[in-house]
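Tertiary structure, described
Residues per chain are reported as follows:
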Amino acid sequence: MTAALGSGTVAFGTKAETLERLAPRLASGRVLPLLHVSVAEWRRRPEAVVGSVLAQPWGGVPLIVRSSAQGEDGAAKSMAGRFTSVPGVRAQDGLAGAVDMVIASYGTPFEGAHRVLVQPMLQDVVLSGVAFTREPGSGAPYLVVNAHRGTDTAAVTGGAGADLLTHYAHRSHTPAEPWLAALRRLADELEELLGTAALDIEFAFVEGDEVPVLLQVRPLAMAASPLDAEEHRRHLSLIADKVRQGNRPHPYLHGPRTVYGVMPDWNPAEIIGVRPRPLALSLYRALVTDAIWAYQRHNYGYHNLRSFPLMVSFHGLPYVDVRVSFNSFLPADIGGALGDRLVSHYIDRLIAAPALHDKVEFEIVFSCYTFDLPQRLARLAEAGFAQDDRDRLADSLRRLTNRIIGHDTGLWRGDAAKLEELERRRAAILAADLDPLARVYWLLEDCKRYGTLPFAGLARAGFIANQTLKSLVAVGVLSNEDVARFMAGVDTVSGRMAGDFAGLSRPAFLERYGHLRPGTYDILSPRYDEAPDRYFSWDAEPAPPREHPRFALTLEQMRRINALLAEHGLEHDVVGLFDFLEAAIRGREHSKFVFTRSLSDALSLLGALGAEHGFSLDDMSYADAALVTELYAGSADVRATLAGSIAAGRARHDLTRSLVLPPLIADADVVWDFALPPTDPNFVTHGRACGPVATPDSADLSGAIVMIRNADPGFDWIFSHGIAGFVTAYGGVNSHMAIRAAELGLPAVVGAGEALFARWSAARVLELDAGNRQVKVLQ
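Remember, predicted model here, so these are calculated numbers, not experimental data. (Residues numbered from 1 in each chain as written. Predicted model: local features only at pLDDT ≥ 70, side-chain atom pairs only at ≥ 80, totals over all residues. Heavy atoms only, no water.)

1. A short note on the overall build of the chain
A count of helical and extended segments in the chain gives 28 helices and 22 strands. Relative to the compact-globule value of 28 Å for 779 residues, the chain shows a C-alpha radius of gyration of 30 Å, a close match. Its C-alpha atoms give the chain principal-axis dimensions of about 95 × 65 × 55 Å. Residue burial in the chain is summarised as follows: out of 779 residues, 56% are buried. Within the chain, contacts between residues separated by at least 24 positions form 69% of all contacts whose residues are at least 6 apart in sequence. For the chain, the separation between the mean place of its 76 positive charges and that of its 91 negative charges on side chains is 2 Å. (Helix = DSSP H or I, 4+ residues; strand = E, 2+ residues; numbered from the N terminus. Rg over C-alpha atoms; globule rule 2.2 N^0.38 Å. Buried < 20%, exposed > 50% of the residue type's maximum accessible area, 1.4 Å probe, protein only. Contact = heavy atoms within 4.5 Å. Lys, Arg positive; Asp, Glu negative; His and termini not counted. Charge placed at Lys NZ, Arg CZ, Asp CG, Glu CD.)

2. Some remarks on the pattern of salt bridges
Taken as a whole, this structure holds 39 salt bridges when the rule is applied. With a shortest N-O distance of 3.4 Å, Arg30 and Asp209 are connected by a salt bridge. Of this pair, Arg30 sits in strand 1 (residues 30–31) while Asp209 sits in the loop between strand 9 (199–206) and strand 10 (213–219), placing them 179 residues apart in sequence. Taking relative accessible area as the criterion, Asp209 reaches 27% and is therefore assigned partly exposed. (Salt bridge = Lys/Arg side-chain N within 4 Å of Asp/Glu carboxyl O.)

3. Side note on the packing of helix 17 (residues 436–474) against helix 23 (residues 574–612)
Where helix 17 contacts helix 23, the axes come no closer than 7 Å and their chain directions differ by 155 degrees. With respect to each other, helix 17 and helix 23 are oriented roughly antiparallel. The element helix 17 and its partner helix 23 pack so that their crossing is left-handed. Of the residues contributing to the contact of helix 17 with helix 23, the split by class is 25 nonpolar, 8 polar and 4 charged. (Axes fitted to C-alpha atoms, helices over the stretch in contact; angles between N-to-C directions. Parallel < 35°, antiparallel > 145°, perpendicular 65-115°, else oblique. Left-handed = near helix turned anticlockwise from the far one by under 90°. Nonpolar A, V, L, I, M, F, W, Y, C, P; charged D, E, K, R; others polar.)

4. Comments concerning a nonpolar patch on the surface
Residues Leu434, Trp442 and Tyr632 make up a contiguous nonpolar surface patch of roughly 250 Å² in combined accessible area. Within the secondary structure, Tyr632 sits in helix 25 (residues 626–632). Residue Tyr632 is classed as partly exposed on the basis of its relative accessible area of 35%. (Patch = residues over 30% accessible without salt bridge, like charges linked within 9 Å, V, L, I, M, F, W, Y side chains within 5 Å. Areas by Shrake-Rupley, 256 points an atom, 1.4 Å probe, with all protein chains shown as cover.)

5. Details of the confidence of the model for the chain
Averaged over all residues, the pLDDT of the chain equals 88, while 91% of them reach at least 70. The least confident element of the chain is helix 27 (residues 736–744), whose mean pLDDT is 65; the most confident is helix 24 (residues 617–620), at 98. Counted against residues more than four places away or in other chains, residues 1–6, with its pLDDT under 50, gives 20 contacts. (pLDDT = per-residue confidence, 0-100.)

6. Concerning the nonpolar core
Of all hydrophobic cores here, the largest spans 111 residues; its most connected members are Phe326, Leu342, Leu393, Tyr521, Phe578, Phe580 and Leu599. Looking at this core, the element that brings in the most residues is helix 17, giving 17 residues. The next biggest cluster of nonpolar side chains, apart from the first, holds 31 residues, and it includes Val312, Phe314, Leu659 and Val671. (Core = buried A, V, L, I, M, F, W, Y, C linked by side-chain atoms within 4.5 Å.)

7. Observations regarding the packing of aromatic side chains
Summed over all chains, the structure comprises 25 aromatic pairs. When the centroid spacing of 5.9 Å and the interplanar angle of 65 degrees are considered together, the rings of Trp266 and Phe455 count as edge-to-face. Taken together, the positions of Trp266 in the loop between strand 11 (260–261) and helix 7 (268–271) and Phe455 in helix 17 put the pair 189 residues apart, joining distant regions of the chain. Residue classification places Trp266 among the buried residues on the basis of a relative accessible area of 14%. (Phe/Tyr/Trp six-rings, centres within 6.5 Å; stacked < 30°, edge-to-face > 60°.)

So, in structure tokens, the structure goes:
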């Protein structure tokens, strides 16, 4: 789908014809000299064509021979990367062979009408890339740029660059960087000349020249019609206003400003995704981030933030208010000027090192006492905190940690007991003579009080346990191998599940684990017992149980740990400490296993309620969880209430899908103009797919998620094999493979980076949810 902007004054032709027509008209860019010839003419008189090239002023320099096929850059499909281009050609001895190579890539249909384009190779390239004048998945009015600094002009289109820049600039604002502003001017002029609001532009900048070189332009094939730019601008303005308001001082918060992030603290990007459907978003808010998180954190001895929601929604995009989060990690007895300075320091450090946004408690915030805390507090000395300040914080964290982990006073013990009550209440609700709506209401209410509330506490205890183990490595008492052996010996749900899959019958296994969903809050994510064959290979020989070396402390290690406990004032002996470490790590996982049973049952009952009134699971995913209380506490018409909530949620989510924001928002300006971090994968289309993991060498690609290291156009053949989606380690949203995915409506992740690519490649089955920017390992 393409967008008409007006009549335009330049008509699209082949690649060569379009560039030739634009060359004398462009004021904000330039086109390299060119010569093009039809295949038929080349067949008749190849020597004359070579002579014509040699006669050009540029005929003696290195050349590039490029494809210019009929329909190659059409409005319906681009054929991006399908045909051959040959760089670095010398006219006298290599031109004929290069032209023949390009022609051979066309195949036989319409061969004579195709053309071949010859241009001088561009020299002294400092930056090159591809720009879309619309976000292709939604039609939103962004200038979306993938660029590569260096001489390789194929790094972006070929998907082989490991250091691509990805930049978004809303069309209503001029980008701050000069080269982007120049590219914006070129894009605006091309839209006007070509009469099209959605373009795919290849460009380059050369050393000493601020004017971009236009290498190619074609219509951008999109999955949706372009959105109204002014209406879109209005919604972004509301988000920018909210960011500005959040950056004001607040009388109940330490620190003068905030940052919004998708990964800190309760990590919405991982749990529900960056574009969750309204039901998942509203459930996560109700069960965790509106109140439960703060209630439990205060119970554990931290500041009281009970009236502050942790997560905000920017038109459906979930972000953690980092100032609120960092305040909640202050011990309750740390306030005043020291509290202000600590929160300000934490936020400044995050802004200076945004790559730490998914590890703030490990690298930025001091939230518990560990054996290496005195050494880690040296960072505060470098930031100007006096010794008295550091001692006061250390003493406070020691008291708080003792209160959490203490043998007799440990708060986590009471939380573990609440889970048993949740299981009893769940059984009573499901056995009672209640209507489905009442069951959903009470399952969710109990899930808050007896499920996510204790889970929040046990997760805090589990975090302290992990930090304690790491600190024992840091001070030289344990090795990393010791910690690995200890962790392997902890009896966790995931460990038991692997053994039970091998040892239990299928019905017994699903009875125990069938409530689990890869997407805990997502009604569209089937439970194990709803789609068992999707998740498990029942006929495959079970993997033999893995043997782990037994963990045991030496007498010397026990002596040193007892000495450390006494030295640091932690109220445990070595046996009690390791009992806590094991119980806390096991309890965190067990508590999630238990509370998700109630949540999963509630989602299934909601799905059945929707089906009873004519709504699919997809429909129900757009509803707001608040309707459960509204219907339970009132006499409203169920079908009408569901229909209204679904319609409103669908409209809101349509807008959500069109918005792109950076993973960390420090000020309102980045709402309009920002670069994505290099490690942020590019998700193409808004599709969703699930399938076995395969490589291009696999025997059967049908229905598979194919893992390709580079977004190389040479892998175009995989699209003929009925694949479900694909993932590349490198590449950007403007690479050839990304363009093909967008054209085919195929969900894809382009440029996942080495770490994610390796992790997903090791899986057996993946679910790729491009619209929600999530990849889930199912097996």
